[in-house]
Amino acid sequence: MATQQKPVWLFREGDKSMRDLLGGKGANLAEMTNIGLPVPPGFTVTTEVCTEYYANNKQIPADLMDEVKKAVADVENQIGKKFGDNKNPLLFSVRSGAKFSLPGMMDTVLNLGLNESAIEGLIATSGDARFAYDSYRRFIMMFSDITLKADYPGLSKEGFERMLTDHKAALGKEDDTELTGDDWKALCATYKVFFKEQTGKDFPTDPYEQLETSITAVFRSWNNERAIIYRNKEKISHSIGTAVNVQSMVFGNMGDDSGSGVMFTRNAATGENVIYGEYLQNAQGEDVVAGVRTPKEIAELERDNKEIYDELITNAKRLEDHYRDMQDIEFTIEKNKLFILQCRSGKRTGTAAIRIAVEMVAEGFISKEKAVAMVPPGGLEQALHPRLKNTKAARVIAKGLNAGPGGAVGMAVFSSERAAELGKGGEGKAVILCSQETTPDDLKGMLAAQGVLTSRGGRTSHAALVARQFGIPTICGCSDMKMEGHHAQSFTTPDGTVIKEGDWITIDGTDGVVFEGALEVEPAGQSGDFGTLMGWADEFRTMGVRANADTPEQAAEAIALGAEGIGLCRTEHMFLEEDRLPIVRRMILASTEADRQAALDDLLPIQREDFVGIFRAMNGLPVTVRLIDPPLHEFLPNQIELEKEIAVLDSKGISDPEKSKLLSKVRELHEMNPMLGLRGVRLSIVFPGIVAMQTAAIVGAAAQVKKEGIAVEPEIMIPLIGHVNELKAVRGDLERVAKETAEAEGVAVPYKFGTMIEIPRACLTAGEIAQEAEFFSFGTNDLTQMTYGMSRDDAGPFLMPYIAKEIYKEDPTVSIDVSGVGRLMQICVDDAKQVNPKIKLGICGEQGGDPDSVKFCNKLGLTYVSCSPKRVPVARLSAAQAAIESK
């Protein structure tokens, strides 16, 4: 075999450090085995074999099964059972297990090894034909759906479920628990007939054929659509592959003294230090996580079986102590014996992540540094979940389990496809995905929805797990909503209210309440734990964090979230407000310099007042103001719409000279590629009066606020510099304006001039430009577009296919492309510091709030990053983690 390590590892041979090779699940199974927990024995096929599978045209290595058979023999010796035996059969579960957890995204097969011979042995050893044939029918359905559906689409789980429904109806029975062993045996026969109709072959009976097929199916599932979507969302490499864990089966469906469950050592939704989880009696683990039945709270296990409960709690505490983190544990009880099937660091909401980290420090469990490092930066955005307002007067129509905190408002939709079509990434409408339950295939629709509402499932179901991870407000197990089957297009509540597609509803995922209509939502406040964690983060980080803000209100929000200044204040946004847009248009339409200056004189006091408000709000913190950047036509009406209006007037014989004049100017300013045309510094050179007015407004406002006893630190940024002579020309003129304004005010203003680095040539000639600038700020939005030669507005049709085909690893407009754009930034930083060691360096593109980009900026040695106010906490935490990682 071409693998560097041996391809198959018994659980007792590995440990938790081997995640790259054994995957997270395999490494943890090995670790739990070696510390003496009751883990059913088994073995792991490594991630290297998965990589070889894809390199070898989706063929497993020729000698892999020889190694697998050796491992099976070892497991047989450990537990005294024989694979495929007709007396004491050994059965396996086959599960995926990548280095990073992808819960529910890949495939699992249970009860593998059953055939007509082994079923007799299972009946003999269990003494329960009902249990045996229930296990067999599950295996036939799961094996067919997971391993062969790609080749035979008719072999879907839904098809088998329909046969089960028809079978119960024919017997006059409603619940699965009413079926006898003979009933299940008859259904198994029906399933096999169906299998042969679909494939033309008998259901496979060779246990090693079943095992090889299932291992291959797990490898294949690494690249199924839902797994790819999940990895893209979580920025997990597509090249690392998955391991396959083959574990001896234990059965939770052997009667009321058996069961399966999922538990967390702390509350995964709130972070409270209490056991949190659910279990089902007489059920296999898939029944719990699939959400097809609503389980019991884990506390009920203490009443049902205190001895097992106490043993479970002891093992749970032991695992949390061992891993120093909250654990997600799957367990099975077989005939009053407890088994731990897997553990992993539990997925949690942002709120829970913060609370767990802070409380573990208080408990003496971890250090502050560890606490800061263990909270995902994206979790902070989740922690600031929106909350519902005025719920007391709202009409409650249903209640369920609070699975994902936060308030969400949207139109009801009843399929994942419809949510993806209408919601985020589609038409951009607010939708709530309503369903009986969700499956991993629904991930795209869930991510597109404002919230998720399911009638089945519990707090550990797939819907709840995804909700917590991605911060989607979610209610599960809402039995108050009655839906007629999986394809229902409405639901009915206990009081008779019918909610159809397009009807507005509101869900409160924190309390598990559904309201009729659209309620108002308000941003969440910061908890005490949030402030504590942010304080620790600020202790460790070495890079500053500013915010992009254009109004005093945004500035105040930024300060509240911990910003240390404004890294980008866009003056053109001020021009678009209703009270000044007519003046701006008058300035653009002016036919003489005198008329243009008159309009600018009218704008000056308005623009000055804008800056007064911002300087007051920032109270002495630095404020970087970008002078006008977009082309002038953006302040005028759309050319096509204007032409239509005039055409309609002409058809009615009506003349409108002003509109005609406006259209003439719009046509005059029209550019084939305006983002590379008359904008930024070029506009400052062609129409110098605009930026002269803006500079006078900035310095005048700073002087006024300074007279009020408030410190000011204005930084005037000239955008789109590509040549040092552009900066020299414009800065020289504006220095005179600034000096004259300050003298007229009678106050010394500590202003600085700098430039925005957004053209590749500026990066390459930074050594020249830095001699004329006191600061640089990377405008990575435009720098990325110009480096890639693409427009963000027009990249949609090819960008996602590029990512899907791994031409681009990820969207370069979201996270800095280190090898391309990042290389230009590195050249710029090095050359600028060489000629101007004191130069201030920042970034103000939205990538300034992307965790990976923040960490790269820290490595570059930037002075600060700047991002939207709501992402400031993310940037603060990311900067702290970067500083910790660089130690």
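Up top is the structure these notes are about.
Rules behind the numbers
Residues numbered from 1 in each chain as written. Predicted model: local features only at pLDDT ≥ 70, side-chain atom pairs only at ≥ 80, totals over all residues. Heavy atoms only, no water. Helix = DSSP H or I, 4+ residues; strand = E, 2+ residues; numbered from the N terminus. Rg over C-alpha atoms; globule rule 2.2 N^0.38 Å. Buried < 20%, exposed > 50% of the residue type's maximum accessible area, 1.4 Å probe, protein only. Contact = heavy atoms within 4.5 Å. Lys, Arg positive; Asp, Glu negative; His and termini not counted. Charge placed at Lys NZ, Arg CZ, Asp CG, Glu CD. Pairing = 2+ DSSP bridges. Axes fitted to C-alpha atoms, helices over the stretch in contact; angles between N-to-C directions. Salt bridge = Lys/Arg side-chain N within 4 Å of Asp/Glu carboxyl O. Left-handed = near helix turned anticlockwise from the far one by under 90°. Polar contact = N/O pair within 3.5 Å; in protein donor to acceptor, adjacent residues only side chain to side chain. Phe/Tyr/Trp six-rings, centres within 6.5 Å; stacked < 30°, edge-to-face > 60°. Lys NZ or Arg CZ within 6 Å of the ring centre and 35° of its normal.

Student: Would you mind showing me how to read the overall build of the chain here?
Tutor: When its secondary structure is counted, the chain shows 35 helices and 32 strands. Compactness check: the chain gives a C-alpha radius of gyration of 32 Å against a globular reference of 29 Å for 887 residues, within 12% of the reference. A principal-axis box enclosing the C-alpha atoms of the chain has dimensions of 100 × 70 × 50 Å. Buried positions account for 56% of the 887 residues belonging to the chain. Counted over contacts in the chain with a minimum sequence separation of 6, partners at least 24 positions apart contribute 69%. Positive and negative side-chain charges of the chain, numbering 99 and 127 respectively, have mean locations separated by a distance of 2 Å.

Student: When you look at the sheet that holds strand β5 (residues 92-98) in this model, what are you seeing that I'm missing?
Tutor: The strands making up a sheet are joined through hydrogen bonds of the backbone, oriented either antiparallel or parallel. Strand order in this open sheet of five strands is β1-β2-β7-β5-β6, and the pairing throughout is antiparallel. Edge positions in the sheet fall to β1 (8-10) and β6 (108-112), since each of these pairs with one other strand and no more. Ignoring which end each strand starts from, the neighbouring axes of this sheet average 20° apart. Taken together, the seven bridges between β5 and strand β7 (residues 242-248) define a ladder with antiparallel strand orientation. When the bridges of β7 are listed, serine 96 appears paired with valine 244. Packed on one face of the sheet, helix α1 (residues 19-34) meets β1, β2 (42-45), β5 and β7 and runs near 125° to β5.

Student: How should I be thinking about the pattern of salt bridges in this particular structure?
Tutor: A side chain of one charge can pair with a side chain of the opposite charge if their charged atoms are brought near each other. Following the criterion strictly, the structure yields 54 salt bridges and no others. The salt bridge involving aspartate 629 is made with arginine 679; its shortest N-O contact spans 2.9 Å. Note that aspartate 629 is positioned in the loop between β27 (622-626) and α24 (639-651) and arginine 679 in the loop between α25 (657-669) and α26 (681-686), a separation of 50 residues in sequence. Pair check on accessibility: aspartate 629 and arginine 679 agree, each one buried. When salt bridges with common partners are traced through the structure, they connect Asp538, Arg541, Glu564 and Arg876 into a single cluster.

Student: Help me understand the environment of lysine 644 in this model?
Tutor: Secondary-structure assignment places lysine 644 in helix α24. Taking C-alpha positions, lysine 644 is 42 Å from alanine 701, a pair spaced 57 residues apart along the chain.

Student: What is the right way to look at the packing of helix α31 (residues 780-788) against helix α33 (residues 821-835) in this model?
Tutor: Packed helices, taken two at a time, are described by the angle their axes make and the gap between the axes. Running from N to C, α31 and α33 point in directions that differ by 115°, and their axes come no closer than 10 Å. The chirality of how α31 crosses α33 is right-handed. Mapping the contact onto sequence places Thr780, Leu783, Thr784, Thr787 and Tyr788 in α31 and Val821, Leu824 and Met825 in α33.

Student: Is there a simple way to think about the side chain of threonine 624 in this case?
Tutor: Within the element layout of this structure, threonine 624 appears in strand β27. Polar side-chain contacts of threonine 624 include one of 2.5 Å to the side chain of glutamate 715. If near-sequence neighbours (up to four positions away) are discounted, threonine 624 is found in contact with Arg546, Ile566, Gly567, Leu568, Cys569, Glu715, Met717, Phe775 and Tyr864.

Student: Would you mind showing me how to read the sheet that holds strand β10 (residues 296-297) here?
Tutor: Taken together, five strands build an open sheet; the order of strands is β10-β9-β8-β11-β12 and the sheet is antiparallel. The two strands at the open ends of the sheet, each matched to only one other strand, are β10 and β12 (337-345). Here strand β8 (residues 259-264) runs beside strand β11 (residues 327-334); their pairing, made up of six bridges, is antiparallel. Each residue of the ladder has a partner; that of methionine 263, found in β11, is isoleucine 329.

Student: I'm lost on the packing of aromatic side chains in this one. Help?
Tutor: Given two aromatic rings, their pairing is described by the distance between the two centres and the angle made by the two planes. On inspection of all chains with the given rule, the structure shows 17 aromatic pairs. Taken together, a centroid distance of 5.1 Å and an interplanar angle of 85° make the contact between phenylalanine 83 and tyrosine 208 edge-to-face. Of this pair, phenylalanine 83 sits in strand β3 (residues 82-83) while tyrosine 208 is found in helix α8 (residues 207-221), placing the two residues 125 residues apart along the sequence. For phenylalanine 83, a relative accessible area of 8% corresponds to the buried category. The class for tyrosine 208 is partly exposed, based on a relative accessible area of 21%. Three or more aromatic residues link up through ring pairs in this structure, and these residues are Phe43, Phe83, Phe92 and Tyr208. Note that lysine 6 overlies the ring of tryptophan 9, its terminal NZ or CZ placed 4.8 Å from the centroid. Over the ring of tyrosine 864 we find arginine 546; its NZ or CZ atom is 3.9 Å from the centre of that ring.

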